[in-house]
Amino acid sequence: MHSATEPQQATLPSIFDHFPRPATIGNPAVEQRNLGFWAGLLAIAAGTGAATALGAGKRGVVTGGVAALALGALRWQLSRWFTHTPQYVVEQRLGDLEIRRYPMRIEARAGIDEHDFEKALARGFGRLACYSFGANSHHEDLAMSTPVITTMHDGAYTMGFVMPPGRDLGSLPRPDDPRIHLREVPERRIAVLKFRGPFTRANIEAHEGELLRKLVDAGLSARGSVAFAGYDSPMTLPLLRRNEVWMEVV
């Protein structure tokens, strides 16, 4: 992964000042999708019951079962639609390049002692997942959020899990693993390029190069390192995955 020079950051007025701070700001659309999913399951159950009562018998039960399975498969493959994600504002679109402004968020971050990218993803995810699933001072299960953000700087990888909306640093449990740290990520403008496909270094680096070329073509100044933001699990079909490469712009 590549780095860019770091020019002086411009002072920009915040458009998120009316939100509570300092906690991750969630996307309300996620809650609406979850409500819609459960409403759909209830509708299928009610329809199956009505069909059975009207004499449809096994045919009605089978139809209802197939519909429920299809809805469950959709949720499994597109679980990102039902998972917390930080809210952001799209300031500008330049072709397939998006310039977003993200408010402050809280991340759990871990450094990864692994030079192979695919192995680093697996090791970092496992380490942070342990924290989220109870390896912490409160033995608390934390709600998963997306994206999972991975960066490389000076040959070392760092992975970050976005913490659930509404949780500030004081209310989050301390990690049992001393290699994990909680930190506030300040408000930033991010250039984003979306793509699909597998979580391989070759696929990600190809899109990193494309992102950097588009930034140069747009005359935008960048800072820091390119980050890979993954929204799906390895169980999601590659063609359905939402992947992004990020670069801070000033």
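Rules used throughout
- Residues numbered from 1 in each chain as written.
- Predicted model: local features only at pLDDT ≥ 70, side-chain atom pairs only at ≥ 80, totals over all residues.
- Heavy atoms only, no water.
- Helix = DSSP H or I, 4+ residues; strand = E, 2+ residues; numbered from the N terminus.
- Expected span 1.5 Å × (residues − 1).
- Contact = heavy atoms within 4.5 Å.
- Core = buried A, V, L, I, M, F, W, Y, C linked by side-chain atoms within 4.5 Å.
- Buried < 20%, exposed > 50% of the residue type's maximum accessible area, 1.4 Å probe, protein only.
- Polar contact = N/O pair within 3.5 Å; in protein donor to acceptor, adjacent residues only side chain to side chain.
- Salt bridge = Lys/Arg side-chain N within 4 Å of Asp/Glu carboxyl O.
- pLDDT = per-residue confidence, 0-100.
- Phe/Tyr/Trp six-rings, centres within 6.5 Å; stacked < 30°, edge-to-face > 60°.
- Lys NZ or Arg CZ within 6 Å of the ring centre and 35° of its normal.

J.: Summarise helix α4 (residues 201-218); cite the residues concerned and give the values.
T.: The terminal C-alpha atoms of α4 lie 25 Å apart, and with 18 residues this matches the ideal 26 Å at 1.5 Å per residue to within 8%. The inward-facing, buried residues of α4 contact β3 (97-102), α3 (117-132), β8 (188-195), β9 (222-230) and β10 (243-249). Among the residues trailing α4, G219 stands out with phi positive, at a value near 70°.

J.: So what's going on with the nonpolar core? Which residues, and what values?
T.: One finds Y131, M163, L211 and L215 to be the most contacted residues of the largest nonpolar core, which totals 36 residues. Residue contributions to this core peak at six residues, all from α3. Setting aside residues up to four positions removed in sequence, M163 forms contacts with T24, I106, E107, A108, Y131, L142, S145, L172 and L182. Ranked by size, the runner-up nonpolar core spans nine residues in total, among them V162, V192, A229 and Y231.

J.: Any details on the side chain of S145? Residues and values, ideally.
T.: Here S145 lies in the loop between α3 and β5 (148-153). Its relative accessible area of 5% is what places S145 among the buried residues. Engagement of the side chain of S145 in a polar contact is seen with the backbone oxygen of V162, the distance being 3.5 Å.

J.: I'd like a rundown of the pattern of salt bridges, residues and numbers included.
T.: Pairing is possible between side chains of opposite charge, provided their charged atoms come close. Overall, the coordinates contain 17 salt bridges when judged by the stated rule. For E91, the salt bridge goes to R101, with nearest N and O atoms at 2.7 Å. Of the two residues, E91 sits in strand β2 (residues 89-94) while R101 sits in strand β3, which places them 10 residues apart along the sequence. Classification of R101 by relative accessible area gives buried; the value is 7%. Notably, a salt bridge pairs E244 with R242, separated by 2.7 Å at the nearest N-O pair.

J.: Give a description of the confidence of the model for the chain that names residues and reports values.
T.: The predicted model of the chain averages 81 in pLDDT, with 71% of residues at 70 or higher. Overall, residues 2-13 carries pLDDT values under 50, and its contacts beyond four positions in sequence, including any with other chains, amount to 30 contacts.

J.: Give me the lowdown on the packing of aromatic side chains, citing residues and values where you can.
T.: One pass over the full model with this rule turns up seven aromatic pairs. Ring centres of Y102 and W246 lie 5.1 Å apart, and the angle between their planes is 35°; on these two criteria the pair is classed as tilted. Here Y102 is found in strand β3, whereas its partner W246 is found in strand β10, with 144 residues between them in sequence. Taking relative accessible area as the criterion, Y102 reaches 2% and is therefore assigned buried. Where F117 meets F228, the ring centres are 6.3 Å apart and the plane angle is 65°; that geometry is what we call edge-to-face. Pair noted here: F117 is in helix α3 and F228 is in strand β9, with a separation of 111 residues, a long-range link. Judged by relative accessible area, which is 4%, F228 ranks as buried. Site record: aromatic cluster; members linked through ring pairs are F117, Y157, F195, F199 and F228. The side chain of R100 reaches across the aromatic face of Y88, ending 4.3 Å from its centre. Lying across the ring of Y231, R242 places its NZ or CZ 4.0 Å from the centre.

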